[in-house]
Amino acid sequence: MSGFARGGFSLWLGATLAAALLMIAALSFVWTPYPPAAIDIPHKLAQPSLAHWFGTDSLGRDVASQLIAGARVSILVGVVAVGIGLVFGVALGLVAAFRKGVVEDSIMKACDFVFAFPALLSAIMLTSTFGPGVVNAIVAIGAANVPIIAKLTRATANSVLAREYALAARAAGRGPLAIAADHVLPNILPALIVQATIQFAIAILAEAALSYLGLGAQPPQPSWGRMLSDAQNVLYNAPRLAIYPGAAIALSVLGLNLLGDGLRDALDPRLRARS
Amino acid sequence: MALYLLQRLAVFVATLVIASAIVFAVMEILPGDAAETLLGPTATPEAVAALGHKLGLDLPLYVRYGRWIAGLARGDFGVSYAYGSPIAPLIGASLAISLPLAAMAMALSAAMALAAGVYAAGRRGRAGDAVVIGLTQVGLAVPNFWLAILMVIVFAVWLRLVPAGGFPGWADPARAFGALILPAVALGVVQAAILTRVTRSALIEALDEDYMRTARAKGVSRRAALWRHALPNALAPVLTIMGLQFANLIAGAIVVENVFVLPGLGRLMLQSISNRDTLVVEDCVMLIAILVIGLNFVVDVACAAIDPRLRSRSA
Amino acid sequence: MTLLEVTDLSVDLPLPRGAVRVVDGATFRLDAGESLGVVGESGSGKTMTALALMGLAPEGARIGGSIRFEGRELVSSSEEAMRALRGDRMAMIFQEPMTALNPLHRVGVQVAEPLVLHRGLSRSAAFGEAVRLLERVRLADPERAAHAYPFALSGGERQRAMIAMAIGCGPRLVIADEPTTALDVTVQARILALIDGLRVETGMAVILVSHDLAVVAGNCDRVLVLYGGLVMESGPVEVVLRAPKNPYTRALLEARPEPGAPRGARLKTIPGAPPRHRDVGAGCPFAARCELTVDVCRTARPPSVAFGAGHVSRCWRAAEVGEAP
C-alpha cells in the first residue's frame, strides 16, 4: 500500500523535475535574462538581486542566465549518450539473445570488460589523444551505456524468447527480425525506458564531472560542471556560486532517478524487485 | 577450489592482455605521431623525426607494444616526455595518495551501506526503511565533487577547521590521514547510496527465503538468523557490485582529488593531459585497469569462498 | 497423556484490504506419541495452522484462541519462551528441502545448530552428534553428507537431513509440512516410513500436514480435514475415511482414483474452486460447491456435530451424509 503510494509520489515528483529541466533548456534557446557569456567586470561577484536573481560570477556574468543555458549541454549529452547506448546496446543484446553460443558469450564478456572503463576514464583517454570537447564526452559516456543496455536487452529478450508465443512464432517460420519487432521489443520496452531514464541521469553526472575537470564543454559554452570549477576559484569570496550549479545538477539527477523508479513501478510491477 | 582459482586466474590474465591492447590502441595508434604533437605545428619534419626516433616511435607497433608491456611487468613505466624523468616514481608518489583514498572511501561506504542496508531491510515498508531509501535517492543525485566542494565550504571556508586542500605528505601520518578524510567522505557517501540499495534488496530477498523459516523453527532468534543465515547469502551480490563500482570509485577519486588539490593519480593524469604527456596517461589508465580488473578477480574469488555452488559450477 | 490441546485457534492475516481469517476456530488435541494428519487443499489454512503452533505465523498475524503444549499456554507466550521451545521440544520439517536448507552452510553444521542452541554443545561436539543423527535417518554415508553442502545432496537425502535436524534435541512434537510433496514418488514412501519409525522409536508426536488423503490414511492415527480455514471433520483415520460425516471429506474421497476401478472410468471431481478467504462470509466455506447445501449453509457457520470416538463433523446436515462409496 505504502509502496504504491511512494511509487506514485516518485513518478509525480520525478516527472515534474524532469519536465522543468526540459522546459528550462528549451527556454534558453529563446530567452535568458542576459546573454550567458556576457562579461561585465564592473559588476563581478554581485549579490543576488532583482537584476541578477542569483548574482554574478567572478567575471560579472549573470549566474541565472548561465544556469538556464547550462541545462542545454546536460540534455544534449544525456540524449545523445543514451541514444548511442540504446542503438548499439539493443542491437548487441538482441544479437546475443538470438544467436546464442559463442556470439552471445563474447558479446557478454566484452560488456563485462567495458565496465572496467567507466565513462570518466574513457573520456580521459579520448581527451588526451583528441583534445577536450563535448563530442569526446558524449562518445565516452555513450560507450559506457552500451553494455548496460545490451545486458538488459539480452536478459529480457531471452526470457521473452523462452515463452510459448515466441516459440510458436519461430515454429511458424517467422524470421528473427520479425520476432524481435513483434514480440521482443514491445516486451522489453518498459525495462528499456526505465533504464534509459536512469542512464540519462548518470550521463548528466558524468558530463558535469568531465566539464568540471575541463574535459567536457569548453568556453564559452555554459555548463554546470564548468560553473562549479569557476566557482571554486572564488570559494572564499563567494561560496554561494558553488551552491547553485551543484543544486541544479542534483535536482536534475534526482528528478530523472525518481522518474525512472516511478516508471518502473507504473510500467511493470515485476521490475520492482530488481535494482 | 584449486581448479576454480586457476580458471579465474586465466580469465584475469586474459582480461589484462585485452585491456592493455585496447589502451595501447587508443593511446598510441589512433592519435598519430606523438612527436609531432609534442613539438607542435611549427616544428620541422627533421626535428619531429629525430624526436620520434629518440622516443622509439619509428619502431613497428608490435615491438612498441611488447616493450611497453615488458617494461610494465618490470616496473619500468618509461620516461615522461614532459618531465624527462622516469614515470614510475611519479606514479608511485601519486598512488601513495590515491590508493589510501580509495581504500578509505571503500571501507567507509561498505560500513555505511551495511549498517543502513541491514537497518532498512529489517524495517521493510516502514518509516525507517522509507527514510533510508529517501536518503539514498539524495546520495545518488548529489555529484561527489559537489559534495566535496560543499564540505570545503563548510569545514574550510566557514568553520576554518581544515585547509581547503593540499597534501602534507606521509612524513606526518596523522595530518596526511586527516587530509584524506573529507575526500574519502565525499567519495564514500555516494558509493554508500548505491551499496545501501544493493544490500537492502539482497537482504530482503534472503530474508524471504525458506531457510530463514527453518532457522527460526530451530529456535534461532530473529537477529541471529539475520546475521548468520541471511547476511552471508546477501553478501555475494553486494561484493560483486562493490567490485563493479570500484572503477567508478577510482573515476570519482580523480575528480575529488582535483577539488582538494591532492597530488594523486587524477592530478597526475590531468596535468599530463595538458602537457600532452601521452605515455604517462597511458600508464596511469593501464594501472587503473589493472587495479579494477585485479579487484574484480579478488571479488570473484571471495564470492566463491562464500558460496560453494559457485565453486562447483565451474569445476 | 495430552501433549497438545488447541482450542478455538484463529489466525488473522493483515492484508491491504483488511484482515483475513485464514484459520477459524480450530479445535483439536494430540496425545504423546500420537500421529495426526492435517488434510486440505492449498489455501485451506493447514500450513498456517502448523506455523501458528510453532509461533512462526507471518509478522503482523493475529493469533486467537488457545494452544496448550505440555501444559503451557503458547498463544500468550513471549518470543523468548517460544524460541526456547522451537527446535527443542517442538520441531518442524518443511516441504522443499532444497530451499529450506541454507545453501551456504554445510549440512552437518545446520543439523548441529539446534544442539548448539539448546544443548549448549560446542560446535565440534554438535557436528559429531550431527553425523550420528544423519546416520539415524539412514543416510548412506553420514560423514560425507555432514561435510557436504545442500546442493550436493539428492532431494531425498536433503529431506533426511531436515528430519535429522528436527529430531536432534528429541522433540515431543514434530510438525511435518508436506514433507514428501517435492520428492520423487519412489522416495516419498521411504521418507514417510522413516518419520513414522522415529515416532514409534522416540515416542514423539507427529503432525503430518498434507494435501493427500492417501498419505494421511497410511501414516496417521487421527485426521483433521480443513477447508477454507475451517476444520470440517476430525476423528480416527479409519472412521473418518470409512464413514465421513462431512460432504467435503466425502467429496475428497470420491475424487480419489480407486485401485479396482474399471479402465477409463472418470474420476469424480468437486465442482467449482476453493473459496478465496474473503468470499466465505458468514456461512459454510464449502456451501458453494456442496451437493447438500440448503439456505442456512450460506448464512451461518455450521455447528460441530459429534458422532462418538472423537469423530466430529462441522456441517448443518452432518447426519444426512451417507456412507463412503
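Residues numbered from 1 in each chain as written. Chains lettered and ligands numbered in written order. Predicted model: local features only at pLDDT ≥ 70, side-chain atom pairs only at ≥ 80, totals over all residues. Heavy atoms only, no water.

**Some words on the confidence of the model for chain A**
Residue and element names in this part refer to chain A.
Argument step 1. Mean pLDDT for chain A: 84, with 94% of residues reaching 70 or above.
Argument step 2. By mean pLDDT, the top-scoring element of chain A is helix α2 (residues 63–99) (91), and the lowest-scoring one is helix α4 (residues 119–130) (76).
Argument step 3. Note on residues 271–275: pLDDT under 50 across the span, and seven contacts to partners over four residues away in sequence or across chains. (pLDDT = per-residue confidence, 0-100. Helix = DSSP H or I, 4+ residues; strand = E, 2+ residues; numbered from the N terminus. Contact = heavy atoms within 4.5 Å.)

**What to know about the layout of surface pockets**
Argument step 1. Within this model, the second largest pocket holds a volume of roughly 1,700 Å³.
Argument step 2. If you trace the second largest pocket, you find 44 residues lining it, with Arg216 and Arg222 of chain B together with Ala57, Pro58 and Glu59 of chain C closest to the centre.
Argument step 3. Broken down by secondary-structure element, the contributors of at least two residues to the lining of the second largest pocket are α5 (87–122), α9 (210–217) and α10 (222–259) of chain B together with β1 (2–15), α1 (46–54), β4 (62–69) and α2 (79–85) of chain C.
Argument step 4. Grouping the constituent residues of the lining of the second largest pocket by class yields 24 nonpolar, eight polar and 12 charged. (1 Å grid on protein atoms, 1.4 Å probe; cavity = no way out; pocket = protein on both sides within 12 Å on 5 of 7 lines; lining within 4 Å. Points joined across faces, edges and corners; volume = space filled by probe spheres on them. Nonpolar A, V, L, I, M, F, W, Y, C, P; charged D, E, K, R; others polar.)

**Section: the environment of Ile93 of chain C**
Residues and elements named next belong to chain C.
Argument step 1. By secondary structure assignment, the location of Ile93 is in strand β6 (residues 90–93).
Argument step 2. For Ile93, a relative accessible area of 1% puts it in the buried group.
Argument step 3. Ile93 sits 82 residues away from Ile175 along the chain, and the two C-alpha atoms are 6.2 Å apart.
Argument step 4. If near-sequence neighbours (up to four positions away) are discounted, Ile93 is found in contact with Gln159, Met162, Ile163, Ala166, Val174, Ile175, Ala176, Asp177, Pro179 and Ile195. (Buried < 20%, exposed > 50% of the residue type's maximum accessible area, 1.4 Å probe, protein only.)

**Some remarks on the interface of chain B and chain A**
Argument step 1. Between chain B and chain A, the residue contacts involve 47 residues of the former and 38 residues of the latter.
Argument step 2. In this assembly, chain B packs against chain A so that about 3,800 Å² is buried in total across both faces, 78% of it on carbon and sulfur atoms.
Argument step 3. Viewed at the interface, chain A and chain B are joined by one salt bridge.
Argument step 4. A salt bridge links Asp261 of chain A to Arg197 of chain B, with the nearest nitrogen and oxygen atoms 3.5 Å apart. (Buried area = accessible area lost by both parts, 1.4 Å probe. Salt bridge = Lys/Arg side-chain N within 4 Å of Asp/Glu carboxyl O.)

**Observations concerning the side chain of Arg160 of chain C**
Residue and element names in this part refer to chain C.
Argument step 1. Take Arg160: it is sitting in helix α7 (residues 155–167).
Argument step 2. Buried and unpaired, Arg160 has Glu157 as its nearest opposite-charge partner, separated by 7.7 Å.
Argument step 3. In this structure Arg160 touches Val137, Arg138, Leu139, Arg190, Ile191 and Leu194, once residues within four positions along its chain are discounted. (Lys, Arg positive; Asp, Glu negative; His and termini not counted.)

**Some thoughts on the arrangement of the chains**
Argument step 1. Contacts are most numerous, across the two pairs of chains in contact, for chains A and B.
Argument step 2. In this structure chain A stays clear of chain C, and the shortest span between their C-alpha atoms is 6 Å.

**Here we look at the interface of chain B and chain C**
Argument step 1. Taken together, the 22 residues of chain B in the interface contact 29 residues of chain C.
Argument step 2. Note on chain B versus chain C: buried area summed over both sides is about 2,300 Å², and carbon and sulfur give 56% of it.
Argument step 3. Contact with chain C buries surface across chain B, with Arg213, Ala217 and Lys218 of chain B losing the most and accounting together for 28% of the total.
Argument step 4. Summed over the shared surface of chain B and chain C, the result is five salt bridges.
Argument step 5. Close ionic contact of Glu79 of chain C with Arg216 of chain B constitutes a salt bridge, the shortest N to O distance being 3.0 Å.
Argument step 6. Linking chain B with chain C are 14 residue pairs in polar contact (both at pLDDT 80 or more), by the criterion used here.
Argument step 7. Its residues placed into classes, the side of chain B that touches chain C shows six nonpolar, six polar and 10 charged. (Polar contact = N/O pair within 3.5 Å; in protein donor to acceptor, adjacent residues only side chain to side chain.)

**Observations regarding the packing of aromatic side chains**
Argument step 1. Tallied over the entire structure, the rule returns 12 aromatic pairs over all chains.
Argument step 2. Look at Phe12 of chain B and Phe297 of chain B: their rings are 4.9 Å apart centre to centre, the planes differ by 20 degrees, and that puts the pair in the stacked class. Within this pair, whereas Phe12 of chain B is found in helix α1 (residues 2–29), its partner Phe297 of chain B is found in helix α12 (residues 278–306), the two being separated by 285 residues in sequence. Side by side, Phe12 of chain B and Phe297 of chain B carry an identical accessibility label, which is buried.
Argument step 3. Each residue in the set Phe24, Tyr65 and Trp68 of chain B is aromatic and connected to the rest through ring pairs, giving one cluster.
Argument step 4. Against the face of Phe29 of chain A rests Arg72 of chain A, its NZ or CZ located 4.6 Å from the ring centre. (Phe/Tyr/Trp six-rings, centres within 6.5 Å; stacked < 30°, edge-to-face > 60°. Lys NZ or Arg CZ within 6 Å of the ring centre and 35° of its normal.)

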